[in-house]
Each structure stands twice: as structure tokens, then as C-alpha cells.
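# Results of the structural survey
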Amino acid sequence: MIAAGFESEALLNAGAGTLKSTYALISEPLPKISGWHRQCLIWESGTPYLYLRTTTEGRVIVGGEDEDFVNAKRRDALISQKARTLVKKFGRLFPDRPLEVAYAWAGTFGETKDGLPYIGVHPRFPHVCFALCYGGNGITFSVIAAEILRDDFIRRTNRDAHLFRFGR
Ligand SMILES: Cc1cc2nc3c(=O)[nH]c(=O)nc-3n(C[C@H](O)[C@H](O)[C@H](O)COP(=O)(O)OP(=O)(O)OC[C@H]3O[C@@H](n4cnc5c(N)ncnc54)[C@H](O)[C@@H]3O)c2cc1C
């Protein structure tokens, strides 16, 4: 069973999705921001997308600004520039709330054409199960993968397994 995230691409030779670089920052704590309905998650679905969320201590996480390459050195060299852009974009939404960056970082991010993960046996590796939970909902997909692969292991039918199979 292989659940090695983006490292699995090395085995599959880009046969399961595309990898990108993504950027995020977390701010110093802020007082409650008026005009931000219930401090809910905000996800702008444009290209490039932007997402914002708050933490229980009143910090703001802002992310997006993806780049179409995977090279850790090149990716990390852009962190301060990307953080400045994310702060600017936050400022457009909440102009009266200056944001002080506490930490900014970057990560590799995987995408598939239909936005769904790949879970199950790969045709080239008939005795191997993969859990490739790519995408912006990858953490939720991880739980789905655990359930599907558990069912496969104990030979129980899982009604959703076909949705995530390779070659769908
Ligand atoms: C900045 C950023 C923000 C994100 N935000 C969200 C979000 O808000 N919500 C959401 O749902 N998803 C989010 N994601 C996506 C989510 O993190 C991924 O889609 C998800 O973690 C993928 O799960 P996975 O189990 O496939 O791989 P991973 O979580 O990457 O797990 C793979 C594990 O395998 C290990 N590994 C690698 N190679 C080997 C090896 N050879 N041997 C042993 N172990 C190995 C790795 O160290 C790692 O622990 C975000 C991703 C990034 C980069």
C-alpha cells in the first residue's frame, strides 16, 4: 500500500496528476475583523485562487499564488515575494485591517483533471493499492481513502470506490 503523497509521482511517472508549488502565510493575532461574516472560510475560485481563514487565536491564514513548477529551491526563493502579494490581496478585501506576517511558507501541491483523488489499484501495479489524496480537499480525501482501502483489505464492497479509481 502506497500513501506517500506527492513522492508517489516518481513511481507513476506523472500518470496520476500534476504537481505545483503553493504559498501560504499566517498573521500575528488581529482583533475581530468586521465585515467578515462569522470569520468563515473564504475561497475565491478564480485563477489564481485565493483562500483565507482564521484561527482560534485570531490569526489569519492566507494562501494561493500557485506556480506551475516543482523545484524546492526555486519555490522557496519566491516565499517573501508571494507573501507580499498575499498581504496585498488581503488588503483589497479588508483595507482597514493591516496584516502583520508571523510566518510564510510554501509547499508542493497535487492536482488531478477532475479534482478527485486516485484511490485503489493502479493497472501497472496490480498488487499495490495507492492512496493519492491530491487537491485542495486532500485531507478529507485521506479519510475517504482510508475507508476504501480498509474495505478492500477486508474484502468488503465500498459503494464509492469506483469514483476514485485509476482510469476513471
Ligand atoms: C500549503 C498547503 C495547504 C493545504 N491546505 C489544505 C486544506 O486546507 N485542506 C485540505 O483538505 N487539503 C489541503 N492541502 C492538501 C493536502 O495537504 C494534501 O492533498 C494531502 O495531505 C495529501 O494527502 P496524502 O495522504 O496523499 O499525502 P501526504 O499528506 O503528503 O502524506 C504522505 C506521507 O508519506 C511520507 N512519505 C513520502 N515518501 C515516503 C517514503 N518513501 N517512505 C515512507 N513515507 C514516505 C511523507 O513524509 C508524508 O508524511 C494543502 C496542501 C498544501 C501544500
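Up top you'll find the structure we're talking about.
Residues numbered from 1 in each chain as written. Predicted model: local features only at pLDDT ≥ 70, side-chain atom pairs only at ≥ 80, totals over all residues.

### Describing the environment of Gly-107
The condition that has to hold: Strands here are runs of E lasting at least two residues and helices are runs of H or I lasting at least four, both read from the DSSP assignment and numbered beginning at the N terminus. Neighbour counting defines burial: a residue surrounded by 20 or more other C-beta atoms within 10 Å of its own C-beta is buried, one with 12 or fewer is exposed, and intermediate counts give partly exposed, using backbone-placed C-beta atoms.
As for its position among the elements, Gly-107 is in strand S5 (residues 101–111). The class for Gly-107 is partly exposed, based on 13 C-beta atoms found within 10 Å. As a C-alpha pair, Gly-107 and Val-60 span 47 residues in sequence and 18 Å in three-dimensional space.

### With respect to helix H4 (residues 138–153)
Basically, it comes down to this: Given a helix with a known number of residues, its expected span is that number minus one, times 1.5 Å. The arc in question is traced by the directions running from the helix axis to the C-beta atoms. This entry defines residue contacts through backbone-placed C-beta atoms, with two residues in contact when those atoms are within 7 Å.
Under the 1.5 Å per step criterion, the end-to-end length of H4 is 22 Å for 16 residues, consistent within 8% with the ideal 22 Å. Buried residues of H4: Phe-141, Ile-144, Ala-145, Ile-148 and Leu-149, and no others. Axial view of H4: buried residues confined to an arc of 130 degrees, hence all on one face. Of the exposed residues in H4, those oriented more than 90 degrees away from the buried face are Ile-139, Thr-140, Val-143, Arg-150 and Phe-153. Contacts from the buried residues of H4 go to strand S6 (118–122) and strand S7 (125–132). Following H4 by one or two positions, Arg-155 adopts a phi angle in the positive range, close to 60 degrees.

### Considerations on the sheet that holds strand S2 (residues 42–44)
In sheet architecture, strand pairing relies on hydrogen bonds along the backbone and comes in two forms, parallel and antiparallel. Spelled out, the test is: DSSP calls a pair of strands paired once it identifies at least 2 bridges connecting them. Under this scheme, a helix contributes an axis fitted over its contacting stretch, all axes are lines through C-alpha atoms, and angles between N-to-C directions fall in the 0 to 180 degree range.
Taken in spatial order, the five strands of this open sheet run S2-S3-S4-S1-S5, and their pairing is antiparallel. Either end of the sheet is taken by a strand with one partner, and the two such strands are S2 and S5. Each strand of the sheet is rotated relative to its neighbour by a mean of 15 degrees, with strand direction disregarded. By the bridge criterion, five bridges tie strand S1 (residues 18–27) to strand S4 (residues 60–67) in an arrangement that is antiparallel. Looking across to S4, one finds that Ser-21 is bridged to Glu-67.

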